[in-house]
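# Per-entry structural report
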Amino acid sequence: MGFSGRARRKEYWMFNLFYGIFYILATVIDYFAGTAPIFILLLALGLLLPALAVTVRRLHDIGKSGWWYFISWVPLAGGIILLVFLCLDSVGDNQYGPNPKYPDPNSYNPNVNNTF
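Here is a short report on the structure shown in this document. This is a predicted model, so every value here is computed, not measured.

What counts as what
- Counting of residues starts from 1 at the beginning of each chain's written sequence and follows it residue by residue.
- With the structure being a predicted model, the display of local features is reserved for residues of pLDDT at least 70 and the display and counting of side-chain atom pairs for 80 or more, all residues being used for whole-chain, interface and lining totals.
- Based on all heavy atoms of the structure, the side-chain values leave hydrogens and waters out of the count.
- Here a strand is any run of E in DSSP of at least two residues, a helix any run of H or I of at least four, and the numbering for each starts at the N terminus.
- Relative accessibility decides the category of a residue: with a 1.4 Å probe and only protein chains considered, values under 20% of the type maximum give buried, values over 50% give exposed, and everything between is partly exposed.
- Throughout, a contact is declared for two residues whenever any of their heavy atoms are within 4.5 Å.
- Here the aromatic set is Phe, Tyr and Trp, taking the six-membered ring for Trp, and pairing holds for ring centres within 6.5 Å; pairs whose planes are under 30 degrees apart are stacked, those over 60 apart are edge-to-face, and all others are tilted.
- Placement of a positive charge over a ring is assigned whenever Lys NZ or Arg CZ falls within 6 Å of the ring centre and within 35 degrees of the normal to the ring plane.
- Take the residue count of a helix, subtract one, and multiply by 1.5 Å to get its expected span.
- Patch definition: residues with relative accessible area over 30% and no salt bridge; like charges joined within 9 Å; nonpolar side chains (Val, Leu, Ile, Met, Phe, Trp, Tyr) joined within 5 Å.
- Areas reported as accessible are Shrake-Rupley estimates using a 1.4 Å probe. Residue values count occlusion only from the protein chains shown.
- For this document, the term salt bridge refers to a Lys or Arg side-chain nitrogen within 4 Å of an Asp or Glu carboxyl oxygen.

### A short note on the overall build of the chain
Counting its secondary structure elements, the chain contains four helices and zero strands. Start at the N end of the chain and walk to the C end: the helices and strands fall as α-α-α-α. Looking at the chain residue by residue over its 116 residues, the buried ones come to 23%. The contacts in the chain between residues at least 6 apart in sequence include a share of 63% that link residues at least 24 apart.

Below you can see the structure in the form of structure tokens.
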């Protein structure tokens with residue numbers, strides 16, 4: 001877990017898929033154990049920093065600063081803007097590191113003219 005570097009769309013959405021699965025599991029455990037929000041709160045607290053880190057790295061992948069995360073605090077429009085950013089494809093190499101989608105410079109990259 002770290003805030004530097006880049007995270008591809010697949011990494012970001014797989015993290016959120018498993019977060020959702022564990023959230024449902026925690027909800028079911030809380031329901032049957034009668035402990036209301038205990039397991040949900042433990043899950044949320046335990047995954048708060050990793051979730052923030054993968055979001056910041058996802059923003060780095062499209063060439064945006066991690067501070068763009070705070071656009072989600074703007075009512076209605078902010079969340080939509082952040083969702084659009086998170087769905088964008090990777091850009092080439094940028095100030096946050098090489099493109100994780102095409103780590104080998106000799107591999108195919110549609111952002112580069114590959115005519116010989």
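### Considerations on unusual backbone geometry
Unusually for a residue other than glycine, alanine 36 sits at a positive phi of about 35°. Relative to the helices and strands, alanine 36 resides in the loop between α1 (9-33) and α2 (38-46). Even without a glycine there, the phi angle at leucine 76 is positive, about 60°. Tracing the backbone through its elements, the reader meets leucine 76 in the loop between α3 (48-61) and α4 (77-87).

### Notes on the packing of aromatic side chains
Going through the model one piece at a time under the given rule, you end up with seven aromatic pairs. Ring geometry for tryptophan 68 against phenylalanine 85: centres 5.2 Å apart, planes inclined by 85°, an arrangement best described as edge-to-face. Remark: phenylalanine 85 occurs in helix α4 and tryptophan 68 occurs in the loop between α3 and α4; sequence separation between them is 17 residues. Taking the centre distance of 4.9 Å and the plane angle of 80° together, the rings of phenylalanine 70 and tryptophan 73 count as edge-to-face. For phenylalanine 70, a relative accessible area of 35% puts it in the partly exposed group. A connected cluster of aromatic rings, assembled from ring pairs, spans Trp67, Tyr69, Phe70 and Trp73. In this structure, lysine 64 packs its charged tip against the face of tryptophan 68, placed 5.4 Å from the ring centre.

### Observations regarding α1
For α1, with 25 residues, the first-to-last C-alpha span of 36 Å sits near the 36 Å given by 1.5 Å per residue. Residues of α1 that are buried: Tyr12, Ala26 and Asp30. Each element contacted by the buried residues of α1 is listed here: α2, α3 and α4. Downstream of α1 by a residue or two, glycine 34 has a phi angle that is positive, lying close to 70°.

### Description of a nonpolar patch on the surface
Together, Met14, Leu17, Phe18, Ile21, Phe22, Leu25, Ile29, Ile38, Phe39 and Leu42 make up an exposed nonpolar region whose accessible area comes to about 910 Å². The biggest single contributor to the nonpolar patch is α1, with seven residues. Here phenylalanine 18 shows up in helix α1.

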